[in-house]
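Summary of the model geometry
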Amino acid sequence: MSERRPLISGNWKMNLNHFEALRLVQELSYEISRDDVDAVDISVHPPFTDIRTVQTTLETDRIPFFLGAQNCHHESSGAFTGEVAPSMLAKLNVAYVIVGHSERRELFGETDEIVNAKVKAVLGAEMTPILCVGETLEEREAGEAESKVETQIRGSLARVKAEDVASLVIAYEPIWAIGTGRTASAEDAQAMCATVRAVVRDKWGDTAADEVRIQYGGSVKPVNAAELMTQPDIDGALVGGASLEAASFARIVQYRLHDL
Ligand code: 13P
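What you see is a predicted model, and the numbers here were worked out from it, not measured in a lab. Sequence positions are assigned chain by chain, starting from 1 and proceeding in written order. In keeping with the model being predicted, local features are shown solely for residues with a pLDDT of at least 70 and side-chain atom pairs are shown and tallied solely at 80 or more, while totals for entire chains, interfaces and linings include all residues. Hydrogens and waters are ignored; side-chain quantities use all the structure's heavy atoms.

Topic: empty space enclosed by the protein
Of the grid points, spaced at 1 Å and generated over the protein atoms alone, those admitting a 1.4 Å probe that cannot get out make up cavities, while open sets with protein on both sides within 12 Å along at least five of seven lines make up pockets; any residue with an atom within 4 Å of a point is treated as lining. Grid points are joined across faces, edges and corners, and a volume is the space filled by probe spheres set on the points. In the structure shown here, the tally under the stated rule is 1 cavity of 30 Å³ or more. Estimated volume of the largest cavity: approximately 30 Å³. Contributing to the lining of the largest cavity are G100, S102, R105, C132, V133, G134 and E173. Secondary structure elements follow DSSP: runs of H or I no shorter than four residues count as helices, runs of E no shorter than two count as strands, and numbering proceeds from the N terminus. For the lining of the largest cavity, the secondary structure elements donating two or more residues are α5 (102-107) and β5 (128-133). Polar here means any residue outside two lists: the nonpolar Ala, Val, Leu, Ile, Met, Phe, Trp, Tyr, Cys and Pro, and the charged Asp, Glu, Lys and Arg; Gly therefore counts as polar. Here the lining of the largest cavity is composed, by residue class, of 2 nonpolar, 3 polar and 2 charged.

See the structure below:
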């Protein structure tokens, strides 16, 4: 089995103007050491209006974080008022684009079909999608969590080649754990991430399943990061609230230094 490098990503959502973004990236760069960067890939996902500022800061100060975005449109240009094309993000050296976040699916009506088009567009622009999947509380209580996640993966990755699936990131984010302070237990998170990998194995084969990186997201905090990150099928974390503060995000990145 191949070694998968952990990826810890900060999804800032609709928070921080470009001055605040600049300050957070600088504070983070003081908290995070060379050893951390050697052990873990780190990405930050500011709002669109902050991306250029964060890009210049990362490049000028040689801060080794990957730049990320939270969304994009699937077309490459045209009459789509208010939208941002993948190529525009690629030009800003964006490496990772979150696609199909549950907030986009629930609040902005993104279907698996739309998410599928976005995954392909992000890959086409030579960036890496972070594809989000996850069930609601009602679905979990009805025993439908696995089938919901499986449907989302098969739909969102329809007609994506195995070698592309191998290169991407899937984030399992149970909706009931997002912004609620209610984290999935490490056991439940591991079980679902193993299911995600099994679905990938079934459809795209062993290499894709062994190489695809699977993140857990939903109330990841410094206190629970180590237990989650040491599960065999969890290769990273997609962090919302706790990524808005340099000290807490850094402690999550440094999960391996904490006692379980
Ligand atoms: P919280 O970490 O705030 O629960 O958010 C998780 C999330 O949605 C990351 O994409």
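Section: the site of the ligand
Proximity criterion: a residue is near a molecule or strand once any of its heavy atoms comes within 4 Å of it. Lining the immediate surroundings of the ligand are 13 residues, of which K13, H101, G179, S219 and G241 lie closest. Two N or O atoms form a polar contact when they lie within 3.5 Å of each other; inside protein one atom must be a possible hydrogen donor and the other a possible acceptor, and for residues adjacent in sequence the pair counts only when both atoms belong to side chains. Residue G240 places a main-chain N or O atom 2.9 Å away from an oxygen atom belonging to the ligand. The Shrake-Rupley method, run with a 1.4 Å probe sphere, supplies the accessible areas, and residue values consider only the shown protein chains as cover. Protein contact buries 96% of the 310 Å² of open area that the ligand shows by itself. For a cavity or pocket, the test is whether more than half of a molecule's atoms lie within 2 Å of its grid points; if they do, the molecule sits there. Placement of the ligand is best described as lying within the second largest pocket. Of the residues that constitute the shell around the ligand, the class distribution is 4 nonpolar, 7 polar and 2 charged.

Here we look at the pattern of salt bridges
The term salt bridge refers to a side-chain nitrogen of Lys or Arg lying within 4 Å of a carboxyl oxygen of Asp or Glu. Across all of its chains, the model carries 18 salt bridges by this definition. A salt bridge links E103 to K13; its shortest N-O distance comes to 2.9 Å. Residue E103 is located in helix α5, and its partner K13 is located in the loop between β1 (7-11) and α1 (18-31); the two are separated by 90 residues in the primary sequence. The partner of R197 in a salt bridge is D233, and the shortest N-O contact between them spans 2.6 Å. Placement of R197 in helix α10 (residues 186-204) and of D233 in the loop between α12 (222-229) and β8 (236-239) is noted, with a sequence separation of 36 residues between them. Within this structure, R4, R197, D233 and D235 form a network of salt bridges that share partners.

Considering the environment of G241
Along the polypeptide, G241 turns up in the loop between β8 and α13 (246-253). For each residue, the accessible area found with a 1.4 Å probe, counting protein chains only, is set against the maximum for its type, and the residue is called buried under 20%, exposed over 50%, and partly exposed in between. When its relative accessible area of 53% is taken as the criterion, G241 is described as exposed. Expressed as a C-alpha distance, the spacing of G241 and T60, which sit 181 residues apart in the sequence, is 27 Å.

What to know about the sheet that holds β8
Two strands pair if DSSP finds at least two bridges between them. Strand order in this closed barrel of 8 strands is β1-β2-β3-β4-β5-β6-β7-β8, and the pairing throughout is parallel. Taken pair by pair, the neighbouring strands of this sheet meet at an average axis angle of 25 degrees, ignoring direction. By the bridge criterion, 4 bridges tie β5 to strand β6 (residues 169-172) in an arrangement that is parallel. By the bridge assignment for β6, I130 is matched with V169. Contacts: residue pairs with any heavy atoms within 4.5 Å of one another. Axes, fitted as lines to C-alpha atoms, cover a helix only where it is in contact. Angles between the N-to-C directions of the axes lie from 0 to 180 degrees. In the packing of α13 onto the sheet, the strands contacted are β1, β2 (41-45) and β8, and the crossing angle to β1 comes to about 160 degrees.

Structural notes on the packing of helix α6 (residues 112-124) against helix α8 (residues 145-156)
At their nearest, the axes of α6 and α8 sit 8 Å apart, and the two run at 50 degrees to each other. It follows that α6 is oblique to α8 by the angle criterion. Classified by chirality, the crossing of α8 by α6 is right-handed. The segment α6 lies against α8, with D112, V115, N116 and V119 engaging T151, Q152, G155 and S156. Of the residues contributing to the contact of α6 with α8, the split by class is 2 nonpolar, 5 polar and 1 charged. Orientation is classified from the angle alone, with under 35 degrees giving roughly parallel, over 145 giving roughly antiparallel, 65 to 115 giving roughly perpendicular, and any other angle giving oblique. Each crossing is labelled by how the near helix is turned from the far one, with a counterclockwise turn of less than a right angle marking it left-handed and a clockwise turn marking it right-handed.

Brief notes about the side chain of H101
With respect to the helices and strands, H101 occurs in the loop between β4 (94-99) and α5. Residues contacting H101, with those up to four places away along its chain left out, are N11, K13, C132, E173 and I178.

Looking at helix α3 (residues 48-60)
Each α-helix winds once per 3.6 residues, and so residues spaced three or four apart point in a common direction. Taking 1.5 Å of rise per residue, the 13 residues of α3 would be expected to cover 18 Å, and the 19 Å separating its terminal C-alpha atoms lies within 8% of that figure. Three or more residues of α3 are buried, namely D50, I51, T53, V54, Q55, T57 and L58. Packed against the buried residues of α3 are α1, β2, β3 (66-69), α4 (86-91) and β4. R62, located one to two residues past α3, shows a positive phi value of around 50 degrees. Expected span of a helix: the number of residues minus one, times 1.5 Å.

Section: the nonpolar core
Formed by 73 residues in total, the largest nonpolar core has its most connected members in I8, L89, V97, V119, L157 and Y216. By residue number, the principal contributor to this core is α10, which donates 8 residues. Filtering out sequence-adjacent residues up to four positions away, V119 remains in contact with V99, P129, L131, S156, L157, V160 and L168. Counting residues in hydrophobic clusters, the runner-up holds 8 residues, among them L7, Y96, V169 and L238. In this description, a nonpolar core means a group of buried Ala, Val, Leu, Ile, Met, Phe, Trp, Tyr and Cys residues linked to one another through side-chain atoms lying within 4.5 Å.

It is worth stressing that arrangement in space is one thing and function is another; only the former is reported here.
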